[in-house]
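Now for the letters of each chain:
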Amino acid sequence: MADNQRNSGSTTAVKNNNNDGTNQLTEDLGTVVHATDPAAYVRSLPAPIRRRLKALKRLQSDMSSVEAKFFEELHQLECKYETLYNPFYVKRFKIVSAEVEPDDNECQWPSEDEGDSLEDDFKKKASIDKSPDSECEEMEEEIDMKGIPEFWLRIFKNVEILADLIEENDEPILKHLVDIRVRLLNYGAPGFVLEFVFEPNEYFTNTLLTKEYTMNLGPDPEDVLSYEGPEIVKCKGCSIDWKDGRNVTVKRVQKTQRRKGQDTRRTVVKTVRTHSFFNFFSPPQVQEGEVLDDETEDILSADYEIGHFLRDRVVPKAVLYYTGEALDSDESEEYDEEGEEQESGCGGGDTEEGSEQEPSQ
């Protein structure tokens, strides 16, 4: 009898232990589910806690309104200081384009890997008669070089997000790019304009190409809680007046077609868009409220990212992107939040099978 009671007690203890283990496993599984699905966890909370969370969201919404006011005033402050920055940009342009030569005092800046000084160059030039003719000519050419040739093209090739836009046919044109300016818009809808200044060239007649971005400084009324600051909501480019045979944004494609019911064939030449940096000035035009397809959304997302990057980083710190010093700081930042890069163009064109004819240069 005593043995039976002991066995019965043991069995009960085992069952209790098993129940405890099952309960623990259920709790652990619930924790895993909640960890991977926070929304499910919130739905599982008691009603009083969910009610308090709504109050916190209301506070968050009110904070977004204050944050939007901050960015509105910040934009006004940026517009005010734009006039103070402009003289520096003008001076930079004049040095790059050889309109002015900086004096010795303006050139004082420490540099560990700097080559021969200007004084040493003149000493070498003074001994020109003692050097071979070819070396003398090369030395004279280096000393007589004006400004900083291909300044902006070198920057574009240094910056990955810009270099990805450049095709081989674009480079000869971008050698004529002499300045990029940012003009803030302080009337109507806030935003900014990127101004690309070109010297006269054999490709198009424009001396100024523009890209305008419109920004929304406040939160989306339908999704206030997702507000993270100002964002670009649309952009528009400009018309490029290409000279005959110089348009690098299009190519001619030959296709052979067979006539219906006949054995004869004919060759048709079509003009289609091709990849080029200059598609940057003809972004997709979207009507308000229009639902975008994935391709258009990717193109505009990349376009907005480039516009921000040019405005906030490249134009203000152009010399550091030319020398590569700014690239180190950019590489240390996590540029893509998802940890992977998506390849997309700013104005990629159609593709068709057939033989291609490159635009004449």
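None of these values were measured; they are calculated from a predicted model. (Residues numbered from 1 in each chain as written. Predicted model: local features only at pLDDT ≥ 70, side-chain atom pairs only at ≥ 80, totals over all residues. Heavy atoms only, no water.)

Draft legend 1. How the structure looks around the overall build of the protein. Broken down by element type, the protein carries eleven helices and seven strands. Put simply, 60% of the contacts in the protein that link residues at least 6 apart link residues at least 24 apart. Accessible surface for the protein amounts to roughly 25200 Å². Of this, 48% is attributable to carbon and sulfur atoms. (Helix = DSSP H or I, 4+ residues; strand = E, 2+ residues; numbered from the N terminus. Contact = heavy atoms within 4.5 Å. Areas by Shrake-Rupley, 256 points an atom, 1.4 Å probe, with all protein chains shown as cover.)

Draft legend 2. Focus on the nonpolar core. Counting residues in hydrophobic clusters, the biggest one holds 47 residues, and the most contacted among them are Ile155, Phe156, Leu174, Phe196, Phe198, Phe204 and Phe278. Ranked by residues supplied to this core, first place goes to helix H9 (residues 294-314) with six residues. (Core = buried A, V, L, I, M, F, W, Y, C linked by side-chain atoms within 4.5 Å. Buried < 20%, exposed > 50% of the residue type's maximum accessible area, 1.4 Å probe, protein only.)

Draft legend 3. Just H9, in detail. Over its 21 residues, H9 extends 28 Å from the first C-alpha to the last, a length consistent with the 30 Å expected when each residue adds 1.5 Å. Of the positions making up H9, those classed as buried are Thr296, Ile299, Leu300, Ala302, Asp303, Tyr304, Ile306, Gly307, Phe309, Leu310, Arg311 and Val314. (Expected span 1.5 Å × (residues − 1).)

Draft legend 4. Quick peek at the pattern of salt bridges. Throughout the structure, instances matching the rule amount to eight salt bridges. Among the ionic pairs, Lys211 bridges to Asp303, the shortest N-O distance being 2.7 Å. Of this pair, Lys211 sits in strand S3 (residues 208-216) while Asp303 sits in helix H9, placing them 92 residues apart in sequence. Exposure class is identical for Lys211 and Asp303. Each is buried. Note that Arg311 and Asp312 form a salt bridge whose closest N and O atoms lie 3.4 Å from each other. With relative accessibility at 12%, the residue Arg311 sits in the buried group. (Salt bridge = Lys/Arg side-chain N within 4 Å of Asp/Glu carboxyl O.)

Draft legend 5. Structural detail: a nonpolar patch on the surface. A cluster of nonpolar side chains, contributed by Tyr41, Val42, Ile49, Leu53, Leu56 and Leu59, occupies part of the molecular surface with about 500 Å² of accessible area. Counting only elements with at least two residues in the nonpolar patch, the list comes to helix H2 (38-44) and helix H3 (47-96). The greatest single-element share of the nonpolar patch, amounting to four residues, is contributed by H3. As for its placement among the helices and strands, Val42 is situated in helix H2. (Patch = residues over 30% accessible without salt bridge, like charges linked within 9 Å, V, L, I, M, F, W, Y side chains within 5 Å.)

Draft legend 6. Quick peek at the side chain of Asp170. Structurally, Asp170 can be placed in the loop between helix H7 (160-163) and helix H8 (171-174). Arg273 is the oppositely charged side chain nearest to the buried, salt-bridge-free Asp170, at an N-O distance of 11 Å. Once residues lying within four places of it in the same chain are set aside, the contact partners of Asp170 are Leu165, Val248, Ser276, Phe277 and Phe278. (Lys, Arg positive; Asp, Glu negative; His and termini not counted.)

Draft legend 7. Highlighting the sheet that holds S3. A sheet is described by the order of its strands in space; here four strands give the open sequence S1-S2-S3-S4, paired in antiparallel fashion. Both edges of this open sheet fall to strand S1 (177-185) and strand S4 (231-236), since each of them pairs with a single strand only. Shown here is a sheet whose adjacent strand axes are inclined to one another by a mean of 20°, direction ignored. Taken together, the five bridges between S3 and S4 define a ladder with antiparallel strand orientation. Bridged to Tyr213 within S4 is Cys235. (Pairing = 2+ DSSP bridges. Axes fitted to C-alpha atoms, helices over the stretch in contact; angles between N-to-C directions.)

Draft legend 8. Quick peek at a negative patch on the surface. Together, Glu290, Asp293, Asp294, Glu295, Glu297 and Asp298 make up a negatively charged patch on the protein surface. On the secondary structure map, Asp294 appears in helix H9. (Charge placed at Lys NZ, Arg CZ, Asp CG, Glu CD.)

Draft legend 9. Region of interest: unusual backbone geometry. One non-glycine residue, Ala98, lies in the positive phi region at around 70°. Counting through the fold element by element, Ala98 comes out in the loop between H3 and helix H4 (118-126). Residues other than glycine seldom take positive phi values, yet Glu150 does so here, at roughly 55°. With respect to the element layout, Glu150 can be found in the loop between helix H5 (133-144) and helix H6 (151-158).

Draft legend 10. The arrangement of the packing of aromatic side chains in detail. Tallying each qualifying case throughout the model produces 21 aromatic pairs. Seen from their ring centres, Phe196 and Phe277 are 6.4 Å apart, and the 65° between their planes marks the pair as edge-to-face. Of this pair, Phe196 sits in strand S2 (residues 191-198) while Phe277 is found in the loop between strand S6 (265-273) and H9, placing the two residues 81 residues apart along the sequence. On the accessibility criterion, Phe277 (3% relative accessible area) is buried. Ring geometry for Phe198 against Phe204: centres 5.1 Å apart, planes inclined by 85°, an arrangement best described as edge-to-face. A residue is classified by how much of its surface remains accessible, and Phe204, at 1% relative accessible area, is buried. Three or more aromatic residues joined by ring pairs make a cluster, and in this case those are Phe156, Phe196, Phe198, Phe204, Trp242, Phe277, Phe278, Phe280 and Phe281. (Phe/Tyr/Trp six-rings, centres within 6.5 Å; stacked < 30°, edge-to-face > 60°.)

Draft legend 11. Seen up close, the side chain of Thr274. Tracing the backbone shows Thr274 in the loop between S6 and H9. We classify Thr274 as buried; its relative accessible area is 17%. With near-sequence residues (within four places) excluded, Thr274 lies in contact with Val248, Thr249, Val250, Lys251 and Asn279.

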